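# Observations on the three-dimensional arrangement
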Amino acid sequence: MPSLSHLIDHTLLAPDARVADIDRLCREAVDIGAAGVCVNPVHVARCAENLKDEDVKVCAVVAFPFGASLSEVKACETRAAVRDGAQEVDMVINIALVKEGRADELEAEIRAVREAVPAPGILKAIIESAALTDE
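In this report, the structure presented in the accompanying data block is examined. The shown structure was predicted, so the numbers you read here are calculated from the model rather than taken from an experiment.

### Overview of the side chain of Asn40
By the secondary structure assignment, Asn40 is in the loop between strand E2 (36–39) and helix H2 (44–50). Overall, the relative accessible area of 15% leaves Asn40 in the buried class.

Structure follows, in structure tokens:
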């Protein structure tokens, strides 16, 4: 069976992750041939340095885990992550906007963050699906 590791981000989002943990994450990602590592923004620069000569992308989560930050804060956090070497950004959207049907505000939030991720950077949206209802 072919390996799927090249499609997977190796992730460490623990708030107490230490430098040694981040270094190990990067080594493991290289060893398994992962597509990328996904970390909190505070660890992006270290990952970018560890992976500068590797074919492993650095991804940062924004507004993790709740998504309840202001749009401008998400955009600022995104700009900092991109500056530090993130090639991808996983943004937790404000699920309350979805549940309340406030599509225009949700679109504005996504646009604000998208503008902070210059091409060819990738922006992905994280939806807390467990918080959704049938409505």
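Now that the structure is up, let's keep going.
### Some remarks on the nonpolar core
A general trend in soluble globular proteins is that nonpolar side chains are found buried together. Ranked by internal contacts, the top residues of the largest apolar core, which has 16 residues, are Val37, Val39, Val44, Cys47, Leu51 and Val58. Contributing elements (two or more residues each) for this core: helix H1 (19–32), E2, H2 and strand E3 (57–62). Sorting elements by how many residues they give to this core places H1 first, with 4 residues. Counting residues in each nonpolar core, the second largest holds 10 residues, with Val62, Ile93, Leu106 and Leu123 among its members.

### Describing the state of the cysteines
For the coordinates displayed, the defined rule picks out 0 disulfides. Cys47 provides the cysteine sulfur closest to Cys26, a residue in no disulfide bond, and the two sulfurs are 3.7 Å apart. No disulfide involves Cys38; its sulfur sits 3.7 Å from that of Cys59, the nearest cysteine. Given a relative accessible area of 4%, Cys38 falls into the buried group.

### Structural notes on unusual backbone geometry
Cis geometry is found at the peptide bond from Phe64 to Pro65, where omega equals 5 degrees. In this fold, Pro65 is placed in the loop between E3 and helix H3 (71–83). Following Ala119, the chain continues to Pro120 via a peptide bond in cis, the omega torsion being 10 degrees. Within the secondary structure, Pro120 is located in the loop between helix H5 (103–115) and strand E5 (122–126).

### Some points on the pairing of E2
The alternating pattern of E2 places Gly36 and Cys38 on one face and Val37 and Val39 on the opposite face, and all of these are buried. Note: strand E1 (residues 9–12) against E2, 4 bridges, orientation parallel. Bridge assignment links His10 to a residue of E2, and that residue is Val37. Once the chain exits E1 it traverses H1 before rejoining the sheet at E2, and the crossover so formed is right-handed. With 4 bridges connecting them, E2 and E3 associate as parallel partners. Of the residues in E3, the one forming a bridge with Gly36 is Lys57.

### What about the pattern of salt bridges?
Two side chains of opposite charge can pair, provided their charged atoms sit close to one another. A full pass over the atoms with the stated rule returns 12 salt bridges. Its salt-bridge partner being Lys124, residue Asp9 comes within 3.4 Å of it at the nearest N-O pair. Taken together, the positions of Asp9 in strand E1 and Lys124 in strand E5 put the pair 115 residues apart, joining distant regions of the chain. Classification of Asp9 by relative accessible area gives partly exposed; the value is 24%. Between Lys124 and Asp90 there is a salt bridge whose closest N-O contact spans 3.2 Å.

The rules behind the values
Residues numbered from 1 in each chain as written. Predicted model: local features only at pLDDT ≥ 70, side-chain atom pairs only at ≥ 80, totals over all residues. Heavy atoms only, no water. Helix = DSSP H or I, 4+ residues; strand = E, 2+ residues; numbered from the N terminus. Buried < 20%, exposed > 50% of the residue type's maximum accessible area, 1.4 Å probe, protein only. Core = buried A, V, L, I, M, F, W, Y, C linked by side-chain atoms within 4.5 Å. Disulfide = S-S within 2.5 Å. Pairing = 2+ DSSP bridges. Right-handed = clockwise from strand over helix to strand, strands pointing away. Salt bridge = Lys/Arg side-chain N within 4 Å of Asp/Glu carboxyl O.

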